[in-house]
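For reference, the chains in residue letters:
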There are 2 protein chains.
Amino acid sequence: MKIEDALRQRGGRMTMQRRLILDALARARHHTTADDIQRQLRAKGFEIDASTIYRNLEVLEGLGHVTHTHLDDRVTRWHRADEERHGHLVCTVCGAETEVPMAALRPLARRLMERYGFAADLAHAAVSGICEQCRVVQSS
Amino acid sequence: MKIEDALRQRGGRMTMQRRLILDALARARHHTTADDIQRQLRAKGFEIDASTIYRNLEVLEGLGHVTHTHLDDRVTRWHRADEERHGHLVCTVCGAETEVPMAALRPLARRLMERYGFAADLAHAAVSGICEQCRVVQSS
DNA sequence: GAAGATATCGCAACTCCCTGCAATAGCGCC
DNA sequence: GGCGCTATTGCAGGGAGTTGCGATATCTTC
Ligand SMILES: [Mn+2]
Ligand SMILES: [Mn+2]
Ligand SMILES: [Zn+2]
Ligand SMILES: [Zn+2]
């Protein structure tokens, strides 16, 4: 078990809660939430405190096992790090979500590095805006 | 009064709370928060409910008088719309905030329009990443 | 296998923001 | 200037996420 070793090397411990959360992540859908995980575990008969879930997601993120994204102003979405990283476009009118390959965002990242020495993570927050359909409706 | 007219034309009303919030926004610093506004008004002897502040900021945003931005995962920041719109780079290590002109972000917006028909608002969420200093420290 | 050190847990309390609802106060009209 | 319609307010309650603290479980060491 790779993660278990990484944990212990940093003085961490493998608890039952941690193992359960890792299991849940393994089975979870693409963009999962802390609440999803808690409900999935509750359905299997395990009651894990919400703060434990949040704290563990943070630890797992530190270990590079998961990442998080903000698609809207509300809930945080979590992904396993082994999934392909990608950006998101979210329409503020209809809520439609489009995934975009990092390649489409790379030129901006490069520019920000050149101009500001800033290593941008353009997948962390979705790009908000208005999708094609909604724009057509508005202008008609 | 421009805003007052815009309000009433849409069937809105100019309440004391609304006027106080507009005053507070006029005096507020560059990136203000709902809590800033509430405290500023409290200091002048007016107690306005938080929900009233949030609801009014939303209305004023609908009228195009203010916009909001997310610099970190916590508090929402509000700007008067008459200020020049700009993007933000926020370092996830040290928290440093850098403003960037929209011109630097425009090429990506153009690309997203061409490829996805998506009218991106690249000022809505800050671009998170790691600033030059922090990157140097990490790699040393 | 037990003992000690401490990472982690559950709980309670807190922050920011949103929403439903009954009471209130602006506004348009006469 | 008064009346009625209804937009807006304050309040209470809720959802997501964070934090401090005392109790517990895991890991290390013997
Ligand atoms: Mn927003
Ligand atoms: Mn985040
Ligand atoms: Zn849309
Ligand atoms: Zn930094």
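Residues numbered from 1 in each chain as written. Chains lettered and ligands numbered in written order. Predicted model: local features only at pLDDT ≥ 70, side-chain atom pairs only at ≥ 80, totals over all residues. Heavy atoms only, no water.

## Some remarks on the protein's contact with DNA strand D
Inference 1: Not every one of the 21 residues close to DNA strand D is listed here, only the nearest: Arg8(A), Tyr54(A), Thr76(A), Arg18(B) and Thr52(B).
Inference 2: Of all DNA strand D atoms lying within 4 Å of any protein atom, the proportion belonging to sugar or phosphate reaches 66%.
Inference 3: Gln17(B) has a polar side-chain atom sitting 2.8 Å from a sugar or linking oxygen of DNA strand D.
Inference 4: Interatomic distance of 3.5 Å between a backbone N/O atom of Asp49(B) and a phosphate oxygen of DNA strand D.
Inference 5: Elements supplying a minimum of two residues to the surface near DNA strand D: helix H4 (50-62) of chain A together with helix H2 (16-27) and helix H4 (50-62) of chain B.
Inference 6: Tallied by class, residues from the surface near DNA strand D come to four nonpolar, nine polar and eight charged. (Near = heavy atom within 4 Å. Polar contact = N/O pair within 3.5 Å; in protein donor to acceptor, adjacent residues only side chain to side chain. Helix = DSSP H or I, 4+ residues; strand = E, 2+ residues; numbered from the N terminus. Nonpolar A, V, L, I, M, F, W, Y, C, P; charged D, E, K, R; others polar.)

## As for the side chain of His86(A)
All names here are of chain A.
Inference 1: Inspection of the secondary structure assignment puts His86 in strand E3 (residues 86-91).
Inference 2: For His86, a relative accessible area of 9% puts it in the buried group.
Inference 3: Within the structure, His86 has its side chain in polar contact with the side chain of Glu99 (distance 3.4 Å).
Inference 4: In this structure His86 touches His30, His31, His79, Glu99, Val100, Met102 and Ala123, once residues within four positions along its chain are discounted. (Buried < 20%, exposed > 50% of the residue type's maximum accessible area, 1.4 Å probe, protein only. Contact = heavy atoms within 4.5 Å.)

## Here we look at the interface of chain A and chain B
For an interface, size is often stated in terms of accessible area lost upon the parts coming together.
Inference 1: On the side of chain B, 33 residues touch chain A, which itself brings 34 residues to the contact.
Inference 2: For the chain A and chain B pair, buried surface summed over both sides reaches about 2,600 Å², with 65% attributable to carbon and sulfur atoms.
Inference 3: If you look at where chain A meets chain B, you find zero salt bridges.
Inference 4: Counting residues per element, the ones that place at least two in the side of chain A that touches chain B are strand E1 (66-70), E3, strand E4 (97-101), helix H5 (102-116), strand E5 (119-120), strand E6 (127-130) and helix H6 (132-139) of chain A.
Inference 5: Ranked by residue count, the leading element in the side of chain A that touches chain B is H5(A), at nine residues.
Inference 6: Its residues assigned to classes, the side of chain A that touches chain B comprises 21 nonpolar, seven polar and six charged.
Inference 7: For E5(A) and strand E6 (residues 127-130) of chain B, the ladder comprises two bridges, and the chain directions are antiparallel. (Buried area = accessible area lost by both parts, 1.4 Å probe. Salt bridge = Lys/Arg side-chain N within 4 Å of Asp/Glu carboxyl O. Pairing = 2+ DSSP bridges.)

## So, the domain arrangement of chain A
Residue and element names in this part refer to chain A.
Inference 1: Under the domain assignment, chain A is made up of domain 1 (3-80) and domain 2 (86-139).
Inference 2: With eight residues of domain 1 at the contact, the number on the domain 2 side is nine residues.
Inference 3: The junction of domain 1 with domain 2 conceals about 650 Å² of combined surface from both sides, 52% of it contributed by carbon and sulfur atoms.
Inference 4: Considering only the surface of domain 1 that becomes buried against domain 2, Thr69, His70 and Leu71 emerge as the three largest contributors, covering 59% of it. (Domains from an automatic or database assignment.)

## Examining the sheet that holds E6(A)
Inference 1: The strand order E4(A)-E3(A)-E6(A)-E5(B) describes an open sheet built from four strands, whose pairing is mixed. At either end of the open sheet lies a strand with only one pairing partner, and these are E4 of chain A together with strand E5 (119-120) of chain B.
Inference 2: Pairing of E3(A) with E4(A) involves five bridges; the strand directions are antiparallel. Residue pairing in the sheet places Val90(A) in a bridge with Glu97(A) of E4(A).
Inference 3: Most of the contacts of H5(A) go to E4(A), to which it runs at about 70°, and overall it touches E3 and E4 of chain A.
Inference 4: Strands E3, E4 and E6 of chain A together with E5 of chain B of the sheet are contacted by helix H5 (residues 102-116) of chain B, whose axis makes an angle of about 110° with E4(A). (Axes fitted to C-alpha atoms, helices over the stretch in contact; angles between N-to-C directions.)

## Things to note about the relation of the copies chain A and chain B
Think of it as a corkscrew move, a rotation about one axis and a shift along it, taking one chain copy to the other.
Inference 1: For the pair chain A and chain B, the superposition axis carries a translation of 0.0 Å, the fit reaches an RMSD of 0.1 Å, and the rotation angle comes to 180°. The two molecules are tied by a two-fold rotation axis, judged by turn and shift. For chain A, the residue whose C-alpha comes nearest the rotation axis is Leu108(A), separated from it by 3.1 Å.
Inference 2: A symmetric contact is evident, with 97% of the interface residues of chain A recurring at the interface of chain B. (Least-squares fit on C-alpha atoms with pLDDT ≥ 70 in both.)

## Let's talk about H5(B)
Inference 1: Taking 1.5 Å as the rise per residue, H5(B) with 15 residues should run 21 Å; its terminal C-alpha atoms sit 20 Å apart, in good agreement.
Inference 2: Those residues of H5(B) hidden inside the fold are in contact with E3, H5 and E6 of chain A together with strand E3 (86-91), strand E4 (97-101) and E5 of chain B.
Inference 3: With its phi angle positive at about 65°, Gly117(B) sits one or two positions after the end of H5(B). (Expected span 1.5 Å × (residues − 1).)

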